[in-house]
Amino acid sequence: MSQNLGDFDLWQKKWNRLVKRRVVFEPRDEELEVKVIPTGIPAFDEILGPSQQTEKGFPRGRTTIIVGEPSTGKTLVAQLLVAAAQRQGGRALVFDIERTFDPRWAALTGVDLASDKLMIVRPVNLEQTFDLVCSALEELQPEVLVVDSIPALVPKAVLLAEMEKQDFRGVTARKTTEGIAKATQYNVSTALVFINQLRLKMGVAFGNPESMPGGKALKFYASLLLRTRRGKWLTDAGEGSALDEVGDDEDTKRIGFLLRLRVEKNKLAPPWGECDVPFRFTGAVDPIPSTVHLALQRGVITQRAAGYFDVPGQDKPVHGRTAVEQLYRDDEQRYVELKQQIRG
């Protein structure tokens, strides 16, 4: 091996000094460690990762894309993330591109509307959106920044032109890709979330016809690609666990739905993790059914025959999953201990 090789340490100090910011890091540098924002829903945090860490949740300094069909909980998941960050003392910016932000509904889902905790941004066009995103990432460095949503972004040229005189196919996708690539370079410690929608390609006979607006390059910049789906409706019948598979009944009133979450791309943990979280139209998200389900998968709670469950700290078996869930609702300390046992 040549003896004229340069010294790593000297080269690192040289370039960090010349650039006037840290661009060269040692492998175990603290800045390279993935920091997360836990949502407070153990089953959800578990599928997000990182798998090597005890604390799991949405990654900071990374890009997350939330995609799904209409009314499947995309904005809800983003609001749950904002609320979780605020509970830990963080700040959030929400880019309301669709002009649909409702402060009363956001408050019901746990979002703090204080002006020092949350700011709503309504840019005029696509280019201005990414200019403001990059500025916020560099100057404010909020814990969470949400762009809702990518398909609502309109380039300046499209806004100014008459629709029948000019064809702008491909312009939005190209500029969106450029904007996300630029925002990625400015992101240091923010959980950057882009909400997207699904489209269907016409004439596809084989394979998956689903696609996302904004171009195919979006997936390459994302550390997490989260898919939302709406499961069964929750009704006011009040029988059984929220995770039980039951059909819809026309005689009952719908009070919520089962929010089904799947991570289709994950750079922090094994992909294709799934969980179901009951959500009610009052804004309440019930983490207990999904936590009990995760405990069953991990062997923390064991199931016997005839619907009996062995619960930690309980001398006698508990009959029915609903009774198990109620046990943890009535005893907060027991629920905290269950989450610790799941983490191992």
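Bear in mind the structure is a predicted one, so any value in this text is a computation, not a measurement.

**Student:** Got a sec to walk through the sheet that holds strand 6 (residues 144-148)? Specific residues and values, please.
**Tutor:** Within the open sheet, the 8 strands sit side by side as 5-4-6-7-3-10-11-12. Their pairing is mixed. Every interior strand has two partners, whereas the edge strands, strand 5 (118-121) and strand 12 (274-280), have only one. The mean inter-strand angle of the sheet, taken between neighbouring strand axes irrespective of direction, is 20 degrees. Alignment of strand 3 (residues 63-68) against strand 10 (residues 224-235), held across 5 bridges, turns out to be parallel. Looking at the pairing, Ile65 lines up with Leu225 of strand 10.

**Student:** Can you lay out the pattern of salt bridges for me, pointing to particular residues and giving the numbers?
**Tutor:** Scanning the model with the defined rule gives 18 salt bridges in all. Note that Lys13 is salt-bridged to Asp9, the shortest N-O span being 3.3 Å. Here the residue Lys13 and the residue Asp9 both occupy positions in helix 1 (residues 8-19), the gap between them amounting to 4 residues, near one helical turn. Residue classification places Asp9 among the partly exposed residues on the basis of a relative accessible area of 33%.

**Student:** Quick rundown of the layout of surface pockets? Include the residues and the values.
**Tutor:** If you add up the space inside the largest pocket, you get close to 580 Å³. Here the lining of the largest pocket is built from residues that sort into 5 nonpolar, 7 polar and 8 charged. Its volume calculated, the second largest pocket comes out at about 490 Å³. Along the walls of the second largest pocket sit 29 residues, with Lys74, Thr75, Leu76, Trp105 and Asp148 positioned nearest its centre. Those elements giving two or more residues to the lining of the second largest pocket turn out to be helix 3 (74-87), strand 4 (92-96), helix 4 (103-108), strand 6, strand 7 (191-197) and strand 10. Counting residues per element, the lining of the second largest pocket draws most heavily on helix 3, which supplies 6 residues. For the lining of the second largest pocket, the residue count by class is 15 nonpolar, 8 polar and 6 charged.

**Student:** Hey, could you go over the packing of helix 5 (residues 126-139) against helix 7 (residues 171-186) for me, with residue numbers and the actual values?
**Tutor:** Between helix 5 and helix 7, the shortest axis-to-axis distance is 9 Å and the interhelical angle comes to 5 degrees. Taken together, the axes of helix 5 and helix 7 lie roughly parallel to each other. Residues Leu126, Glu127, Phe130, Asp131, Val133, Cys134, Leu137 and Glu138 of helix 5 form the contact with helix 7, whose own contacting residues are Thr172, Lys175, Thr176, Gly179, Ile180, Lys182, Ala183 and Tyr186. Of the residues assigned to the contact of helix 5 with helix 7, the class counts are 8 nonpolar, 3 polar and 5 charged.

**Student:** Any details on the pairing of strand 6? Residues and values, ideally.
**Tutor:** Among the 5 residues of strand 6, 5 are classified as buried, and the element is accordingly described as predominantly covered. Residues Val144, Val146 and Asp148 of strand 6 are buried on one face, and the alternating residues Leu145 and Val147, pointing to the opposite face, are buried as well. As judged from the 5 bridges shared by strand 4 and strand 6, these two strands associate in the parallel manner. Across the sheet, Phe95 pairs through a bridge with Val147, a residue of strand 6. Relative to strand 7, strand 6 runs parallel, the two being bridged by 5 bridges. Looking at the pairing, Val146 lines up with Val193 of strand 7.

Definitions and limits used
Residues numbered from 1 in each chain as written. Predicted model: local features only at pLDDT ≥ 70, side-chain atom pairs only at ≥ 80, totals over all residues. Heavy atoms only, no water. Pairing = 2+ DSSP bridges. Helix = DSSP H or I, 4+ residues; strand = E, 2+ residues; numbered from the N terminus. Axes fitted to C-alpha atoms, helices over the stretch in contact; angles between N-to-C directions. Salt bridge = Lys/Arg side-chain N within 4 Å of Asp/Glu carboxyl O. Buried < 20%, exposed > 50% of the residue type's maximum accessible area, 1.4 Å probe, protein only. 1 Å grid on protein atoms, 1.4 Å probe; cavity = no way out; pocket = protein on both sides within 12 Å on 5 of 7 lines; lining within 4 Å. Points joined across faces, edges and corners; volume = space filled by probe spheres on them. Nonpolar A, V, L, I, M, F, W, Y, C, P; charged D, E, K, R; others polar. Parallel < 35°, antiparallel > 145°, perpendicular 65-115°, else oblique. Contact = heavy atoms within 4.5 Å.

Worth remembering: the numbers are spatial, not functional.
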